[in-house]
Amino acid sequence: MSETREKVLEVRNLGIDFGGLTAVNNLDLDIYKGEIYGLIGPNGAGKTTVFNMLTKVYQPTRGTIKIAGKDMDKLNPVQANQVGVARTFQNIRLFSNMSVLDNVKTGMHNELKYGLFTSILRLPKYYKLEKESTQKAMELLKIFGLDQFADLTAGNLPYGAQRRLEIARALATDPKLLLLDEPAAGMNPQETEDLMDMIRKIRNHFDISILLIEHDMKLVMGICERITVLNFGQVLAQGLPQEIQSNTEVVKAYIGE
Ligand SMILES: Nc1ncnc2c1ncn2[C@@H]1O[C@H](COP(=O)(O)OP(=O)(O)OP(=O)(O)O)[C@@H](O)[C@H]1O
Ligand SMILES: [Mg+2]
């Protein structure tokens, strides 16, 4: 059964050392197409470091990462994004002086499609592709309830809307695997609830896989189909939400936090 499902992420024996500190070690992780997967663990467990390796911001010390079957070893972050992994950050990173629309359009690698000369000389192809990318960006903004803010400066949006915009921008790159680093951080319960619906909607609409780091257990247990728990860079547990919740090692790691 599961063998026939398409594997979007395959991680084996992944690890990274910073000097004498082993931040992540022996990580195995399989994520299938359409899955919503949770990566949890106490502060400093190595969660964001995993994202930095998957996006090739950090070069792993050991192990392999395959995204959609492609070995990521030799790739830089831009190439990793082209293969199909996109992310949001624990602390919002937007171009806060640019418009909401332009923030999404920056995700769209258009310069690669029409080339630098077409862009500089403003050839007809440039205008055609620009129009297409504006249309696509507006569709994305609509899904996130941000279309009416398209011309506003991103930095002026309320906090929750900025977090949604960051997700929209990541999706503009057409990822197969979307990484969300604490998307509910700083949100109130209603915003968190709305975000859960939105994450499900994104998965269904774009038919992608989502790996999310989150401390909000209600969100994690509510939407993740499988979960990996990291503790001091090691896998403490891996399984279904109900298995994770009743795992005594996991409970201990959280209480001991
Ligand atoms: N570039 C780096 N150089 C040195 N140490 C690093 C680097 N990046 C991460 N670390 C260390 O790796 C460990 C894991 O950090 P990481 O940010 O991945 O944790 P986290 O699980 O995301 O925690 P949090 O829940 O607080 O965000 C920490 O001890 C951190 O200090
Ligand atoms: Mg982190």
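Residues numbered from 1 in each chain as written. Chains lettered and ligands numbered in written order. Predicted model: local features only at pLDDT ≥ 70, side-chain atom pairs only at ≥ 80, totals over all residues. Heavy atoms only, no water.

### Structural notes on the overall build of the chain
How we decide: Secondary structure elements are taken from DSSP: a helix is a run of H or I of four residues or more, a strand is a run of E of two residues or more, and numbering for both begins at the N terminus. When we talk radius of gyration, it's over C-alpha atoms, and the globule rule is simply 2.2 Å times the number of residues to the 0.38. Whether two residues are in contact is decided by their heavy atoms, any of which lying within 4.5 Å being enough. Using a 1.4 Å probe, the Shrake-Rupley method yields the accessible areas, and only the shown protein chains count as cover for residues. This count recognises Lys and Arg as positive and Asp and Glu as negative, with His and chain-terminal groups excluded. Lys charges are placed at NZ, Arg charges at CZ, Asp charges at CG and Glu charges at CD.
Of the regular secondary structure elements, the chain holds ten helices and ten strands. Its C-alpha atoms give the chain a radius of gyration of 19 Å, near enough to 18 Å, the size a compact globule of 257 residues would have. Each principal axis of the C-alpha atoms in the chain carries an extent, and together these give about 60 × 40 × 40 Å. Put simply, 67% of the contacts in the chain that link residues at least 6 apart link residues at least 24 apart. Total accessible area on the chain stands at roughly 12600 Å², and carbon and sulfur atoms take up 53% of it. Looking at the chain, you have 30 positive and 31 negative side-chain charges, and the mean spots of the two groups are 5 Å apart.

### A look at the site of ligand 1
This is how it is decided: Residue proximity to a molecule or strand is established when one non-hydrogen atom of the residue lies within 4 Å of it. Counting of polar contacts relies on pairs of N or O atoms within 3.5 Å, with two restrictions inside protein: one atom must be capable of donating a hydrogen and the other of accepting it, and residues adjacent in sequence are counted only when both atoms are side-chain atoms.
Taken together, 15 residues sit near ligand 1, with G44, K47, T48, T49 and Q90 positioned nearest. The contact in question runs from an oxygen atom of ligand 1 to an N or O atom on the backbone of A45, over 3.1 Å. Take Y58: an N or O atom from its side chain is 3.0 Å from a nitrogen atom of ligand 1. Relative to its unbound accessible area of 640 Å², ligand 1 is 65% covered by the protein chains.

### Things to note about the coordination of the magnesium ion (ligand 2)
Counted only if it meets this: Note that water is not among the atoms used; donors are N, O and S atoms within 2.8 Å of the metal (3.2 Å for Na, K and Ca), so sites may look incomplete. The buried label applies to any residue whose accessible area, calculated with a 1.4 Å probe on protein chains only, is under 20% of its type's maximum; exposed applies above 50%, and partly exposed to all values in between.
The magnesium ion (ligand 2) binds to the protein through T48 (OG1) and Q90 (OE1); the donor distances cover 2.0 to 2.3 Å. Of this pair, T48 sits in helix α1 (residues 47-54) while Q90 is found in the loop between β6 (85-87) and α3 (100-105), placing the two residues 42 residues apart along the sequence. The class of T48 is partly exposed, set by a relative accessible area of 24%.

### Observations regarding the domain arrangement of the chain
Reports often express the size of an interface as the amount of accessible area lost when the parts come together. Under the convention used in this document: An automatic or database domain assignment supplies the start and end points of every domain. The term buried area refers to how much accessible surface (probe radius 1.4 Å) is lost by two components on association, counted for both of them together. Here a salt bridge means any side-chain nitrogen of Lys or Arg lying within 4 Å of a carboxyl oxygen belonging to Asp or Glu. Note that Gly is not counted as nonpolar here; it falls among the polar residues with everything else outside the nonpolar set of Ala, Val, Leu, Ile, Met, Phe, Trp, Tyr, Cys and Pro and the charged set of Asp, Glu, Lys and Arg.
When cut into domains, the chain gives domain 1 (1-84 + 175-257) and domain 2 (94-174). Summarising the inter-unit geometry, the C-alpha centres of domain 1 and domain 2 are found 26 Å apart. Each side of the interface is counted separately: domain 1 has 20 residues, and domain 2 has 14 residues. Across the domain 1 to domain 2 interface the summed buried area is about 1400 Å²; carbon plus sulfur atoms make up 72%. The largest share of the area that domain 1 buries against domain 2 comes from P175, M198 and F206, three residues that together contribute 32% of it. Summed over the shared surface of domain 1 and domain 2, the number is zero salt bridges. Among the elements of the structure, α2 (77-83), β7 (177-181) and α7 (189-206) are those that each provide at least two residues to the side of domain 1 that touches domain 2. In terms of residue count, the dominant contributor to the side of domain 1 that touches domain 2 is α7 (seven residues). Its residues assigned to classes, the side of domain 1 that touches domain 2 shows eleven nonpolar, four polar and five charged.

### Some points on the packing of helix α6 (residues 159-171) against α7
Applied cut-off: Each axis is a line fitted through C-alpha atoms, and for a helix only the stretch in contact is used; angles between axes span 0 to 180 degrees, taken between their N-to-C directions. Small angles under 35 degrees read as roughly parallel and large ones over 145 as roughly antiparallel, with 65 to 115 read as roughly perpendicular and the rest as oblique. Note: crossing handedness is left-handed where the near helix turns anticlockwise from the far helix by less than a right angle, and right-handed where it turns clockwise.
Closest axis-to-axis distance for the α6/α7 pair is 12 Å, and the angle between their directions is 15°. Comparing the axis directions of α6 and α7 gives the class roughly parallel. In this structure, the crossing between α6 and α7 has a hand that is right-handed. Between α6, through G160, R164, I167 and L171, and α7, the contact on the second element is made entirely by E191, L195, M198, I202 and F206.

### Some remarks on the nonpolar core
Note the threshold: We call a set of buried Ala, Val, Leu, Ile, Met, Phe, Trp, Tyr and Cys residues a nonpolar core when their side-chain atoms join them within 4.5 Å.
Judged by nonpolar contacts, the single largest core of 46 residues is most densely connected at V104, F144, L165, L178, I202 and L212. With six residues, α6 is the single largest residue contributor to this core. Counting only domains with at least three residues in this core, you end up with domain 1 (1-84 + 175-257) and domain 2 (94-174). Residues within four places of V104 in sequence aside, it is in contact with A137, L140, L141, L165, A168, R169 and A172. Listed in part, the 29 residues of the second largest apolar core include M53, V83, V85 and L211.

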